[in-house]
Amino acid sequence: MDMTIHSDPSALIPEIALLLGAVTGLLLGAWTPRRRQWTIRVLAALACTVGLAATTVAATGPVDVVFGTYVLDTATHATRAIVLVATLLLLALCGDTVAGHRRETEFVVLVQLGALGSILLGGAADLILLFAAFLLASVPLYALAGWAKQGTAPEAALKYYLAGALAGVTTVAGVTLLFGTAGATGYDAVADGIASGPGGAAAVGLIAVLVGLAFKAGAVPAHFWVPDVADGTPPAVAAVITTLPKIGALVATYRLLDTAVPADVVDWPLIVAILAAVSMTLGNLAAFAQTSVLRLLGYSTISQVGYLLMALAVAGRAPLAQPALLFYLAAYAITNIAAFAVVAATGQRTLAGHRGLFHRDPPLAIALVVALLGLVGTPPTAVFLGKLVVFTATVDGGLVWLVALAVVNTVASLFYYLRWIAPAFGEPGPDHERPVTRARGWARGTALGAAALSLLLGLGGGVVLNTVG
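Residues numbered from 1 in each chain as written. Predicted model: local features only at pLDDT ≥ 70, side-chain atom pairs only at ≥ 80, totals over all residues. Heavy atoms only, no water.

So the rule is basically this: UniProt positions are given in the numbering used here, feature names are shortened, and annotations may be inferred rather than shown by experiment.
The name that an unreviewed UniProt entry assigns to the protein is NADH-quinone oxidoreductase subunit N, with the source organism given as Pseudonocardia parietis. What UniProt states about the protein under its Subunit (unreviewed entry) heading is, verbatim, "NDH-1 is composed of 14 different subunits. Subunits NuoA, H, J, K, L, M, N constitute the membrane sector of the complex." Taken verbatim from the UniProt record of the protein, the Catalytic activity (unreviewed entry) comment is "a quinone + NADH + 5 H(+)(in) = a quinol + NAD(+) + 4 H(+)(out)".

Structure below.
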């Protein structure tokens, strides 16, 4: 594969566009009247659009290494595209939540910075840049978790911050150990250094870094903050926190394992396979008894990470592993946003609150069905094809037992999703909640649009997989 190494900032147009959108938006927001701060969201959407256009052009070129630490390859371009499309959907979703709010600008700026950190995670090919991107994908989202300053949001933000502080310390300790073992921070040099260094120290360092990345992805063993943050924040905030960081964290983990850590020195495929098995099983079991739809979605995201980790467990051993991961991430991001958008549109946070939704708003109820059955992996949604390709790659990689467990978990997950779908199609009770109003039009439109995208991506998945493969 052709590769060029240079220091041309023009190769980073998507990242620069997000950064300029955030900085410019913050400065303009300080002087913009509250009733006109929607212009900051428009500016952010423009930055994402510019980034998508630049990504499309860059994806046709050869593999680049910018400043010796940031790789522009298929994985990075896909990460850019997924994050930017997800950010556009999230900016639309937050319209009802932030419109006219005195901290509307801050919300939009924090989302852009979190998106930038997620993209940098996906392209990092150096341990120092990996940790810097980890911080950029974390700190803005800590503030975003407490943005509402009402209900249990401050408590959720504190839990998120404390868990993140511990994960950050663990990550930097792991980076230090890997650097001490390999004598370098670039992934290629780290791989050479680990191969000739003490394997025990490398294993401890890798596990410490994996714990930090597991925190960003919401995977076991750093998963305990996810349901609290999902349930304690507005749905728009929960959608951001459970979607954007996962994309960059999982691509970063794939690149780190596949490039920097030889499997014959540290048996990381077994470690990741165990994390995948525990994450999908724990997430599903914990979701069974939930009555809060946001906590249910929080545990659902943990189980989804378990399925995604299957592709990482066979990194370098199955040709389909990377395309499967990237496609599943795109499918998950769109479908997860659709589910949270339905909650934002209805304004209901419990299963009972969605009773009779089909009678009040049939299109929104259908969007809910597409999102929830999509998360299960039902055709023709995108997650179905994503799971199918991930399962195929995992079998090719020799982890048949993990696929068998994933199939059992997939079937089991249908139970708690149906607990949400069934009331939505039932008769409204005498005390049913008021119907969705036009005041929540942005969330409703996002739910319908994201559900439609999930179906379109599922139907056109073959073309997308050929592109990323």
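Right, picking up where we left off after that structure.
**Examining the packing of aromatic side chains**
For the record, the criterion: For this analysis, a ring pair means two rings from Phe, Tyr or Trp (six-membered ring only for Trp) whose centres lie within 6.5 Å, classed as stacked if their planes differ by under 30 degrees, edge-to-face if by over 60, and tilted for the remaining angles. The way it works is that DSSP assigns letters per residue, a run of H or I at least four long becomes a helix, a run of E at least two long becomes a strand, and they are numbered from the N terminus. The cut-offs for exposure are 20% and 50% of the maximum accessible area for each residue type, with area from a 1.4 Å probe on protein chains only; residues under the lower value are buried, those over the upper are exposed, and the others partly exposed. Cation placement over rings: the criterion is NZ of Lys or CZ of Arg within 6 Å of the ring centroid and within 35° of the ring normal.
Under the defined criterion, the tally for this structure stands at twelve aromatic pairs. The interplanar angle of 10° and the centroid separation of 6.2 Å between the aromatic rings of F131 and F134 together place this pair among those described as stacked. Here F131 pairs with F134, and both are found in helix α6 (residues 127–136), just three residues apart, close to one helical turn. Here F131 and F134 have matching classes, each one buried. Between Y160 and F215, the aromatic rings sit 5.7 Å apart at their centres with planes inclined by 35°, giving tilted as the arrangement. Note that Y160 is positioned in helix α8 (residues 153–182) and F215 in helix α10 (residues 199–217), a separation of 55 residues in sequence. Each of the two residues, Y160 as well as F215, counts as buried. Among the aromatic residues, ring-to-ring pairing joins F131, F134, Y142, Y160, Y161, F215 and W225 into one connected group. Of note, R41 hangs over the ring of W442, and the distance from its end group to the ring centre comes to 5.9 Å. Across the ring face of Y307, the terminal group of K387 is positioned such that the distance to the ring centre comes to 3.9 Å.

**What to know about the UniProt feature "domain: NADH:quinone oxidoreductase/Mrp antiporter transmembrane" (unreviewed entry) in the protein**
Here the UniProt feature "domain: NADH:quinone oxidoreductase/Mrp antiporter transmembrane" (unreviewed entry) sits at residues 124–411. For residues 124–411, helix accounts for 76% and strand for 0%, while the C-alpha atoms at its two ends are 36 Å apart.

**A word on the packing of helix α3 (residues 74–93) against helix α13 (residues 244–260)**
Worth spelling out the cut-off: Throughout, an axis means a line fitted to C-alpha atoms (over the contacting stretch in the case of helices), and angles, computed between N-to-C directions, take values from 0 to 180 degrees. Here roughly perpendicular refers to angles of 65 to 115 degrees, roughly parallel to angles under 35, roughly antiparallel to angles over 145, and oblique to all remaining angles. Two residues form a contact once any of their heavy atoms are found within 4.5 Å. As a working rule, the residues Ala, Val, Leu, Ile, Met, Phe, Trp, Tyr, Cys and Pro are called nonpolar, Asp, Glu, Lys and Arg charged, and the rest polar, with Gly in that last group.
Where α3 meets α13, the closest approach of the two axes is 9 Å, and the angle between their N-to-C directions is 170°. Taken together, the axes of α3 and α13 are roughly antiparallel relative to one another. Seen from α3, the contacting residues are A75, T76, T79, I82, V83, A86, T87 and L90; seen from α13, they are L244, I247, V251 and R255. A class-by-class count of the residues in the contact of α3 with α13 yields eight nonpolar, three polar and one charged.

**Observations concerning unusual backbone geometry**
With an omega of 10°, the peptide bond between V220 and P221 qualifies as cis. Topologically, P221 is positioned in the loop between α10 and α11 (226–232). In this structure, the amide linkage connecting P379 to the following residue, P380, adopts the cis form with an omega of 5°. You can see P380 is positioned in the loop between α18 (362–376) and α19 (382–396).

**Considerations on a nonpolar patch on the surface**
Operational definition: In this scheme, patches are assembled from residues that exceed 30% relative accessible area and form no salt bridge. Like charges are connected within 9 Å, while nonpolar side chains (Val, Leu, Ile, Met, Phe, Trp, Tyr) are connected within 5 Å. Residue exposure ignores everything except the shown protein chains as possible cover, and the areas themselves are Shrake-Rupley values with a 1.4 Å probe. Every case where a carboxyl oxygen of Asp or Glu lies within 4 Å of a side-chain nitrogen of Lys or Arg is listed as a salt bridge.
Together, L270, I274, V278 and L282 line one region of the surface with nonpolar side chains, adding up to about 300 Å² of accessible area. Residue position: I274 is located in helix α14 (residues 268–287). Here I274 falls in the partly exposed class, since its relative accessible area comes to 44%.

**Considerations on the packing of α14 against helix α20 (residues 400–424)**
Let me state the cut-off plainly: By the definition used in this description, the sense in which the near helix is turned from the far one sets the handedness, with an anticlockwise turn below a right angle giving left-handed and a clockwise turn giving right-handed.
In contact at an axis separation of 9 Å, α14 and α20 are set at 20° when each is read in the N-to-C sense. In terms of orientation, α14 lies roughly parallel with respect to α20. Our pair here, α14 against α20, has a crossing hand that is left-handed. Note on element contacts: α20 touches α14 through W401, L402, L405, A406, N409, S413, Y416 and R419, opposite A273, A276, A277, M280, T281, N284 and A287. Of the residues assigned to the contact of α14 with α20, the class counts are ten nonpolar, four polar and one charged.

**Details of helix α16 (residues 321–346)**
Note the following rule: Expected helix span is taken as 1.5 Å per residue step, with the number of steps being one fewer than the number of residues.
Compared with an ideal rise of 1.5 Å per residue, which puts 26 residues at 38 Å, α16 spans 38 Å between its outermost C-alpha atoms and is within 8% of the ideal. Backbone geometry just after α16 places G347 at a positive phi near 75°.

**Things to note about the side chain of S454**
Definition in use: Pairs of N or O atoms within 3.5 Å make up the polar contacts considered here, provided that, within protein, one atom can donate a hydrogen while the other can accept it, and that residues adjacent in sequence are counted only when both atoms are side-chain atoms.
Checked against the element boundaries, S454 lands in helix α21 (residues 441–459). For S454, a relative accessible area of 2% translates into the label buried. A polar contact of 3.3 Å, which involves the side chain of S454, links it to the side chain of T335. Contact partners of S454, with chain neighbours within four places excluded, come to I334, T335, P380, T381 and A382.

**With respect to the pairing of strand β2 (residues 63–66)**
Just so we agree on the cut-off: By definition, two strands form a pair when at least two bridges between them are found by DSSP.
Side-chain alternation along β2 places V63 and V65 on one buried face and D64 and V66 on a second face that is also buried. Two strands pair when backbone bridges link them, and β2 and strand β3 (residues 70–72) are joined in this way by three bridges, in the antiparallel orientation. Note on β3: the bridge partner recorded for V66 is Y70. Between β2 and β3, which follow one another and run antiparallel, lie three residues, and F67 among them has a positive phi close to 55°.

**Details of the pattern of salt bridges**
In a structure, side chains of opposite charge can pair up when their charged atoms sit close to one another. Under the definition given, this model contains seven salt bridges. Close ionic contact of R295 with D228 constitutes a salt bridge, the shortest N to O distance being 3.1 Å. Here D228 lies in helix α11 and R295 lies in helix α15 (residues 293–313), a separation of 67 residues in the sequence. Shared partners join several salt bridges into a network, and the residues in it are E155, K159, D228 and R295.

**Focus on the side chain of Q290**
Counting through the fold element by element, Q290 comes out in the loop between α14 and α15. Within the structure, Q290 has its side chain in polar contact with the backbone oxygen of A286 (distance 2.9 Å). Aside from chain neighbours lying at most four places away, what touches Q290 is R295, L296, Y299, L351 and R419.

**Looking at the environment of V211**
The residue V211 is located in helix α10 in this model. Placed 18 residues apart in sequence, V211 and V229 show a C-alpha to C-alpha distance of 19 Å. With residues near it in sequence (within four places) discarded, V211 still touches T170, P221 and A222.

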